[in-house]
Amino acid sequence: PQATHLSDYRPPAYRVTRTELTFDLDPAATRVKTRLHLERHPEGEAGDPLQLHGEGLALKAIALDGEPLDADEYALSENGLTVHRVPERFHLDTEVEIAPEANTALEGLYQSSGMYCTQCEAEGFRRITFYPDRPDVMATFSTTVIGDAGREPVLLSNGNPVERGELPNGRHFVTWEDPHPKPSYLFALVAGDLKKVEDTFTTLSGREVTLQIWVEEENLGKTDHAMASLKRAMAWDEEAYGREYDLDLFMIVAVNDFNMGAMENKGLNIFNSAAVLTHPHTATDAAFQRVESIVAHEYFHNWSGNRVTCRDWFQLSLKEGFTVFRDQCFSADTNSAPVKRIEDVSFFRTAQFAEDAGPTAHPVRPDHYIEIGNFYTLTIYEKGAEVVRMLANLVGEAAFRCGSDLYFERFDGQAVTIEDFVACMAEASGLDLTQFMRWYDQAGTPEIDAFGEYDYARGEYRLRLAQRTPATPGQPDKLPLHIPVRLGLVGTKSGRDLPLTLDGETLGTDAVIHLREAEQEFLFTDVAEAPVPSLLRGFSAPVKLRFPYGREDLAFLLANDSDGFNRWDAGQRLALLALDDLIAAHRNGVEKVMDTRVVDAFRSLLAAETDDKAVLAEMLTLPSEAYIAEQQPLVDVDAIHAARTFVKQGLAMALRDDFLRVYRENHLEHSGGEPYAPTPEQIARRSLKNVALSYLMAIEDEEGIELAREQFAADHNMTDVRHALTLLTHSSRDEFSEPALRAFGEKWAHDPLVMDQWFAIQVTRPQPDALDRVKFLMEHPAFSLKNPNRVRALIGTFAGQNRVNFHRLDGAGYRLLADMVIELNRLNPEIAARLITPLTRWARFDETRQALMKAELERIRAEKLSPNVYEVVEKALA
Ligand code: B3K
Ligand code: ZN
């Protein structure tokens, strides 16, 4: 497979002004008739051939301006079609045949639970018809869908329906017209026996928009939350960005087989059913929040992605980073802002940092790829969002809004670049963002080493910062970045933020300093008392920051920092220091001793309960095994697991009564039994009491076990049921978990999204039988390798979250994963390539495991590989 390079970008030789499609649906032989109205691009030249992408298409007819082409007037290849000579303006007709039922890659037109649906981003449209399948070709579309009136009563595409009618042989058709020019990746078609839930939204300017969510009949009761979320998102985008919806109809469709979360097709968003359906008895609080954020994310793309799109796929973060930032702000405004930030950062530092440190590390704007499908990554999405967040903080709220207004107005209907976006921000703020642009081009996580010194005599605090970005594949040398560091100095006597004076300028008590050099010194004057610095508040930049904090400093910040995020982070740092000692003790075979400072810190948190309950729940949660692993030079999975378990049990033994009290106080059943609602208040109480319960279960406290069993049996909502079932299943008390698992599995056998949770609960169990369970469950009738949700729930969860069992020393975990990758490579390359991730991290482990992991990668490499899997495996073994 060949790499595509950003530096090779050329505008297309011809552009499509209008696209007319007719689909005659059939599972084995769908006919697609396409008329393209084309004209030479201003930068094209007379004599340029017309090149269209196309994969797996059987060409049945081709004509130029109505004249059928002779075989020597065009050429077909594996990747497309070339028409050798074309005039300046013309139309081209083609007819192809495709087989949706045979499409297991779930790209292009495929079938899911009997219905037809499409996924075209990034390069799926070329599996539907011959087309210049690149985002900088934007056309208006007219789409006629012909289907069986009985099997496919509902026929949907982008835009507005303009005509419908009956046809012979029980067929019928609907024609859709999308007036907004769009690239092919935003095309969508859905056909099947679907039912709808309908609502309306009145825009700021008073237009009424019809909102529809289309689902299979049995899911009609699971759309309320998505609909409410959609309406909130529409109102938020008007308020926060001045963006209104631009069609009379907005549709969401739930599909069971889907590679990603959802897709922002113009006017017809297609969703993985897991990202849209909710019900108190089938979805957890986390799932409710995920649905809200994904519905918002896809809706926000209507402007950041659809109206203004990407010139080429290297600019993917232009739409994804910006849209993730937008959905994060929306969720923060709708729920608890500090908790949203803690959750996002906690995930980011675990998963994106690992990606940035591994063999597939790439910049937010990559400069080459083999398979763009491999670049829908945490770096493009989440790091891209962090970069936009830094921009927003740098230019300030007002200028950011002016800059985004400018961006949407200036580039409406165009396909643009990241420079275009940043230029609007520079123009609106007057700031020079030249150095800042390096964030888009340099891969790797910058590391900041910070040192501070307080001079009592002069009342000065000297802060020295040194930045360094480690080498990443293809980028040995890095330049210094422009890093905004938000900070405060917390007085050790007063416990308050001290006023900041830097270079004679007073900055308030919370300020942003700009690190631009490799090393830089900041001298704060008029510092009345010795401070502990609170650095990188709110995670003001996606970096690793080291500061030689003592445990007392961290306990002090945990109690006193005015920045909620950094209070939480101080607790995490304190726990990590204790964990470090215990990991070392475990490795050296020395007796483990619990750090009393951690116990004291937790005791104060539990006693004071000053924080909002949701934040408190986060503060009481120990760093995950994955995050602890990120901090270690060499990952010792067993030592990490043992150390974390030890701390958890130590805290549980010391604070048992506090946890019991917190559980009882916050268990809604005990306080009148409100009906379930995914409100911030209820979610906060549930997470707090469930954290408390997890401590009680860590020591298998008899009363705790009783509470978990009651919580499971009460069957009040999925959050509580799933949590209780997980704790029981992860305990040693199989006599309780086995009947519970059986009952749950039988009760929900008909609901695939609940069965996914049932799979995940079992395969994350720390007991040594976990891998056998994975194999056993793969035979379960609810499992299918063809369904991405099932694969993720069973195999992805095991490999990604059950660290002790996946990394078994006999290599059985690695072998299982490689077997799955090899099978999926044939069925669904995009999913296969994603599944390999844990194996690509071999360099972080001991030599024995390294050898076992590499051997499995080699075994995969020996297969006939899809470009997706090939690219990842080559990088992993490079
Ligand atoms: N834009 C889609 C990505 C789908 C790509 C799959 N190969 C989802 C999203 O970010 O909204
Ligand atoms: Zn997106």
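Cut-off values and rules
- Residues numbered from 1 in each chain as written.
- Chains lettered and ligands numbered in written order.
- Predicted model: local features only at pLDDT ≥ 70, side-chain atom pairs only at ≥ 80, totals over all residues.
- UniProt positions renumbered as here; feature names shortened; annotations may be inferred.
- Helix = DSSP H or I, 4+ residues; strand = E, 2+ residues; numbered from the N terminus.
- Expected span 1.5 Å × (residues − 1).
- Buried ≥ 20, exposed ≤ 12 C-beta atoms within 10 Å, placed from the backbone.
- Contact = placed C-beta atoms within 7 Å.
- Core = buried A, V, L, I, M, F, W, Y, C linked by C-beta atoms within 7 Å.
- Domains from an automatic or database assignment.
- Axes fitted to C-alpha atoms, helices over the stretch in contact; angles between N-to-C directions.
- Parallel < 35°, antiparallel > 145°, perpendicular 65-115°, else oblique.
- Left-handed = near helix turned anticlockwise from the far one by under 90°.
- Pairing = 2+ DSSP bridges.
- Near = placed C-beta within 6 Å.
- Nonpolar A, V, L, I, M, F, W, Y, C, P; charged D, E, K, R; others polar.

An unreviewed UniProt entry lists the protein under the name Aminopeptidase N, from Halomonas alkalicola. In the Catalytic activity (unreviewed entry) part of its UniProt record, the protein is described as follows: "Release of an N-terminal amino acid, Xaa-|-Yaa- from a peptide, amide or arylamide. Xaa is preferably Ala, but may be most amino acids including Pro (slow action). When a terminal hydrophobic residue is followed by a prolyl residue, the two may be released as an intact Xaa-Pro dipeptide."

Next up on the list: helix H18 (residues 718–729). Within an α-helix, residues lying three or four positions from one another point in the same direction, as the helix has 3.6 residues per turn. Here H18 spans 16 Å end to end across 12 residues, near enough to the 16 Å set by a 1.5 Å rise per residue. Of all the residues in H18, the buried ones are Met718, Thr719, Asp720, Val721, Arg722, His723, Ala724, Leu725, Thr726, Leu727, Leu728 and Thr729. Structurally, H18 contributes buried residues whose contacts are with helix H2 (285–300), helix H16 (680–698), helix H17 (702–714), helix H19 (734–747) and helix H20 (752–763).

On to the nonpolar core, then. For soluble globular proteins, nonpolar side chains are generally found buried alongside one another. One finds Val190, Val253, Ile270, Val647, Leu817, Val821 and Val869 to be the most contacted residues of the largest nonpolar core, which totals 243 residues. If you tally residues by element for this core, the top one is H16, at 10 residues. In this structure, Leu817 is in contact with Ile795, Ala799, Leu835, Pro838 and Leu839, ignoring residues within four places of it in sequence.

With that settled, the discussion passes to the UniProt feature "domain: Aminopeptidase N-like N-terminal" (unreviewed entry) in the protein. UniProt records the feature "domain: Aminopeptidase N-like N-terminal" (unreviewed entry) for residues 20–186 in the present numbering. Taken as a whole, residues 20–186 contains 0% helix and 54% strand, while its terminal C-alpha atoms sit 15 Å from one another.

With that settled, the discussion passes to the domain arrangement of the protein. Taken domain by domain, the protein holds domain 1 (4–300), domain 2 (309–441), domain 3 (447–541) and domain 4 (564–877). Domain 3 and domain 4 are separated by 35 Å when their C-alpha centres are compared.

Look at H2 against helix H3 (residues 316–334): their axes get within 9 Å of each other, and the N-to-C directions meet at 135°. Between H2 and H3, the angle is such that the two are oblique. Here H2 runs over H3; the crossing is right-handed. On H3, the residues that touch Gln289, Glu292, Ser293, Ala296, His297 and Phe300 of H2 are Thr323, Val324, Arg326, Asp327, Phe330, Ser331 and Thr334.

So, about the sheet that holds strand E30 (residues 511–515). If you walk across this open sheet you meet the three strands as E30-E27-E32, and the pairing is antiparallel. The sheet terminates laterally at E30 and strand E32 (531–535), the two strands that pair on one side only. For this sheet the average axis-to-axis angle between neighbouring strands, irrespective of direction, equals 40°. With five bridges joining them, strand E27 (residues 483–491) and E30 adopt antiparallel strand pairing.

A word on the pairing of strand E4 (residues 50–53). Of the two faces of E4, the one lined by Leu50 and Leu52 is fully buried and the one lined by Gln51 and His53 carries no buried residue. Pairing geometry for E4 and strand E8 (residues 80–83), over four bridges, is antiparallel. Bridge pairing in E8 links His53 to Gly80.

Around ligand 1, the structure places 13 residues, and the nearest of them are Glu121, Met260, Met263, Gly373 and Tyr376. Counting residues per element, the ones that place at least two in the shell around ligand 1 are strand E20 (262–263) and H2. The residue makeup of the shell around ligand 1, split by class, is five nonpolar, four polar and four charged. Two domains each donate at least three residues to the shell around ligand 1, and these are domain 1 (4–300) and domain 2 (309–441).

With that settled, consider helix H14 (residues 637–654). Compared with an ideal rise of 1.5 Å per residue, which puts 18 residues at 26 Å, H14 spans 26 Å between its outermost C-alpha atoms and is within 8% of the ideal. Every buried residue of H14 is accounted for by Val637, Ile640, His641, Ala643, Arg644, Phe646, Val647, Gly650, Leu651 and Ala652. Packed against the buried residues of H14 are helix H10 (564–588), helix H11 (596–608), helix H13 (625–631), helix H15 (656–666), H16 and helix H23 (803–806).

We now examine the environment of Pro788. Here Pro788 is to be found in helix H22 (residues 788–801). When neighbours within four sequence positions are excluded, Pro788 is seen to be in contact with Asp257, Phe258, Asn259, Asn828 and Ile831.

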